[in-house]
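Overview (structure and organization)
Chain by chain, the residues:
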Amino acid sequence: MKYAFFIGCLIPARELGYEISVRKIMPLFGVELVDMENVNCCAPFSIQSLDYASWLSLAARNLCIAEEMGLDVLTLCNDCYESLLMTNTLLKENKELREKVNSVLATVDKEFKGKIKVKHFIDVLYDDVGVENVKNAVKTPFHGLRVGVQPGCHLTKPKRLHFGERIGIKALDELVKATGVKSVDFERKEACCGGPMRGINDAVALQVAKQKLDGLKNAGVDCIVTVCPFCYLELDLGQLEIKRHLNVEYNIPVVHFAELLKIAMGMPLEDWEIRSHKIPLAKVLEKMKEAK
Amino acid sequence: MDEAKVGAFPARARADFMHEVANTPRGRGVLLCIQCGRCTNSCPVARTTDEYNPRKLVETVILGLRKEVLLGNLPRYCLSCFTCLDRCPQGGDIGEVMFAIRNLAAKEGNVPEGIIVQAKNLFETGRVVTPTRMALIQRERYGLSKDISIGIDEAQKILKKTSFVELISKKV
């Protein structure tokens, strides 16, 4: 299996641990990641809020590059996923819109043809690799560890982009369970982390994150598992800000799912990876060792 | 800014503004709204603060209060989490309508500073988040490619063609 790897902006700039984990584990499952060259920003919701044509054209340009490579796209970030998936779906369905966007793309000698699919890293693990294979690759299952899964919004919403189903959350839960942990239900699990509110009204953003963290705390989780780099920032860094501004301390470590899986597959995190987390991982790493 | 155009005129302006939103890409859903409030009940922001209520915001659009809607900050409160898209009994896509409203607000020059920064980053570097020099050094140290390939030239050509630059240089 080969995928056009769309890495996005935030992950290669600030969340190297996520990137390096994915690059290490995917080849072990026979998934080859071919880096997309000369791509631009996916055009996330902040850019979509400015101009419709700019969004579609920028996203479509990225899709054209994958079409030229003849490969489906694999994204790690929920925002990239939403932008590319929605553009791909809209342009495939709507001929008039496709022609309009293609007239913009003509300035850079590109044409959207609608030949490829857009997948999230979780889709690929679930559909192509399969939960059984993931389970078999796990060397040290972390029995007894309680985790709260933060799927993020755009893994499954809006439903109509996912054929009316919410497979994403179920898929993520099953994949997380494959590492031997217990995925605990908690209040506000499917709700937004509040991240997109940053810069508009920071106090509300923190309150939205706080509701989620309250749910996680009440469920008694050992750590939070994320797949979206924005949720990760909001829940990890956000805990420090909640402590500073609201004087509430949670101290719940946050790990990317890819990191959890990497550790479970027998590849411990390196020192710098551990240190890149704002909330110390020591407690949860200790529990993982005990689980062996 | 043209005061006469932005101001609200009851009766006549009412329908005008609603249709202006409806005819903006992603804004169609405003015509389907029956004001049931399910979007508000689903909204993670509305449950957090009384300042924002998506049903009421759509109501102000239907009432034709163009100035209040486009020059205010409230449409930015939508997180685009799309919970309301899944729940609207009318298929009204209120979260999508917010994009239409924000696009119209941008045309009036009403864009938050944070988004201007991202937009400028996008135009100048091809991405909204740019790696710091430290991040590039770290990438090299940890065996990741230091050179993150970006097609700035083509992205700029596209953004010039769509008049994106003029849009972000506007101010209220």
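Throughout this description, residue numbers start from 1 for each chain and increase along the sequence as written. Chains carry letters from A onward and ligands carry numbers from 1 onward, assigned in written order. Only residues with pLDDT of 70 or above have their local features reported here, since the model is predicted, and side-chain atom pairs are shown and tallied only from 80 upward, although totals for entire chains, interfaces and linings are computed over all residues.

The helix count covers DSSP runs of H or I at least four residues long, the strand count covers runs of E at least two residues long, and both are numbered beginning at the N terminus. Broken down by element type, chain B carries 11 helices and 0 strands. For chain B, the spread of C-alpha atoms along the three principal axes comes to 60 × 35 × 25 Å. To sort residues by exposure, count the other C-beta atoms lying within 10 Å of each residue's C-beta; 20 or more gives buried, 12 or fewer gives exposed, and values between give partly exposed, all with C-beta atoms placed from the backbone. Out of the 172 residues belonging to chain B, those deemed buried represent 41%.

Take the overall build of chain A next. Counting secondary structure elements, chain A contains 14 helices and 8 strands. Here the globule rule reads 2.2 Å times residues to the power 0.38, and the radius of gyration is calculated from C-alpha atoms. The globule rule puts the C-alpha radius of gyration for 292 residues at 19 Å, and the 19 Å found for chain A is close to it. If one aligns the C-alpha atoms of chain A with their principal axes, the spans along those axes are about 60 × 45 × 35 Å. A buried classification covers 56% of the 292 residues belonging to chain A. Pairs at least 24 residues apart make up 79% of the contacts formed inside chain A by residues separated by at least 6 positions. Contact definition: two residues whose C-beta atoms, as placed from backbone geometry, lie within 7 Å.

All names here are of chain A. Each helix should span, by expectation, one fewer than its residue count multiplied by 1.5 Å. Taking 1.5 Å per residue, 18 residues should reach 26 Å; helix H11 (residues 229–246) reaches 24 Å between its end C-alpha atoms and fits that length. At Gly238, H11 shows its largest bend, some 40°. Looking at H11, one finds that the buried residues are Pro229, Phe230, Cys231, Tyr232, Glu234, Leu235, Asp236, Gly238 and Gln239. Looking at the residues trailing H11, positive phi occurs at Asn247, about 60°. Bending is quantified residue by residue as the angle between axes fitted to the seven-residue window ending at that residue and the seven-residue window starting at it.

Residues and elements named next belong to chain A. If DSSP finds at least two bridges between two strands, the strands pair. Spatial strand order, E6-E5-E7-E8: 4 strands in an open sheet with parallel pairing. Either end of the sheet is taken by a strand with one partner, and the two such strands are strand E6 (182–183) and strand E8 (254–256). Across 2 bridges, strand E5 (residues 146–150) lies against E6 in parallel orientation. Its bridge partner being in E6, Arg146 is matched across the sheet by Lys182. For every element, the axis is a line fit to its C-alpha atoms; helices are fit only across the contacting stretch, and the angle between N-to-C directions ranges from 0 to 180 degrees. Most of the contacts of helix H12 (residues 257–264) go to E8, to which it runs at about 80°, and overall it touches strand E7 (223–226) and E8.

Residues and elements named next belong to chain A. Delimitation of the domains relies on an automatic or database domain assignment. Domain boundaries assigned for chain A yield domain 1 (2–121) and domain 2 (140–291). Here the C-alpha centroids of domain 1 and domain 2 sit 25 Å apart. Facing 21 residues of domain 1, the contacting portion of domain 2 comprises 20 residues. Those elements that place two or more of their residues in the side of domain 1 that touches domain 2 are helix H1 (10–14), helix H2 (16–28) and helix H5 (78–93). When residue character is reported, Ala, Val, Leu, Ile, Met, Phe, Trp, Tyr, Cys and Pro are called nonpolar, Asp, Glu, Lys and Arg charged, and the others, Gly included, polar. Here the residues of the side of domain 1 that touches domain 2 are counted per class, giving 12 nonpolar, 5 polar and 4 charged.

All names here are of chain A. In contact at an axis separation of 10 Å, helix H7 (residues 121–129) and helix H9 (residues 167–177) are set at 70° when each is read in the N-to-C sense. What the angle tells us is that H7 and H9 run roughly perpendicular. Contacts from Ile122, Leu125 and Tyr126 of H7 reach H9 at Gly168, Ala171, Leu172 and Leu175. Within the contact of H7 with H9, the residues separate by chemical class into 6 nonpolar, 1 polar and no charged. Roughly parallel here means an angle under 35 degrees, roughly antiparallel means over 145, roughly perpendicular means 65 to 115, and every remaining angle is called oblique.

Turning to the nonpolar core, a few remarks are in order. All names here are of chain A. With 146 residues, the main nonpolar core has Phe6 and Leu84 as its most contacted residues. By residue number, the principal contributor to this core is helix H4 (residues 52–69), which donates 10 residues. For Phe6, the residues in contact, after removing those within four places along its chain, are Met36, Val39, Asn62, Val73, Leu74, Thr75, Cys80 and Leu84. The nonpolar core criterion groups buried Ala, Val, Leu, Ile, Met, Phe, Trp, Tyr and Cys residues into a set whenever they are joined through C-beta atoms within 7 Å.

A few words now on the environment of Val184 of chain A. All names here are of chain A. Residue placement: Val184 occurs in the loop between E6 and helix H10 (202–218). With 16 C-beta atoms packed within 10 Å, Val184 lands in the partly exposed category. Separated by 11 residues in the primary sequence, Val184 and Asp173 place their C-alpha atoms 9.3 Å from one another.

All names here are of chain A. Spatially, E2-E1-E3-E4 is the arrangement adopted by the 4 strands of the open sheet, whose pairing is parallel. Bordering the open sheet on either side are strand E2 (32–35) and strand E4 (118–120), each of which pairs with just one other strand. For this sheet the average axis-to-axis angle between neighbouring strands, irrespective of direction, equals 40°. Judged from the 3 bridges that link them, strand E1 (residues 2–6) and strand E3 (residues 73–75) form a sheet pairing that is parallel. In the sheet register, Phe6 faces E3, and the bridge partner there is Thr75. On top of the sheet, H5 reaches E1, E3 and E4; it is set at about 155° to E4, its chief contact.

Here we take up the interface of chain B and chain A. At the interface, 51 residues of chain B touch 46 residues of chain A. Broken down by secondary-structure element, the contributors of at least two residues to the side of chain B that touches chain A are helix H6 (83–87), helix H7 (94–107), helix H8 (113–125), helix H9 (133–141), helix H10 (152–161) and helix H11 (164–169) of chain B. Grouping the amino acids of the side of chain B that touches chain A by side-chain chemistry returns 29 nonpolar, 13 polar and 9 charged.

All names here are of chain A. Among the 5 residues in E5, 4 count as buried, and that is most of the element. Sheet topology note: the E5/E7 ladder contains 4 bridges and is parallel. In the sheet register, Gln150 faces E7, and the bridge partner there is Thr226.

Turning to the packing of H10 of chain A against H11 of chain A, a few remarks are in order. Residue and element names in this part refer to chain A. The geometry of H10 relative to H11 is characterised by a closest axis approach of 10 Å and an angle of 105° between their N-to-C directions. Of the possible angle classes, the one that applies to H10 and H11 is roughly perpendicular. Note on element contacts: H11 touches H10 through Glu234, Leu235, Gly238, Gln239, Glu241, Ile242, His245 and Leu246, opposite Leu206, Ala209, Lys210 and Leu213. Here the residues of the contact of H10 with H11 sort into 6 nonpolar, 3 polar and 3 charged.

What follows concerns the environment of Lys113 of chain A. Residues and elements named next belong to chain A. Structurally, the position occupied by Lys113 is in the loop between helix H6 (95–105) and E4. Of the residues examined, Lys113 has 14 C-beta atoms within 10 Å and is grouped as partly exposed. Sequence-wise, Lys113 and Ser183 are 70 residues apart; in three dimensions their C-alpha atoms are separated by 40 Å.

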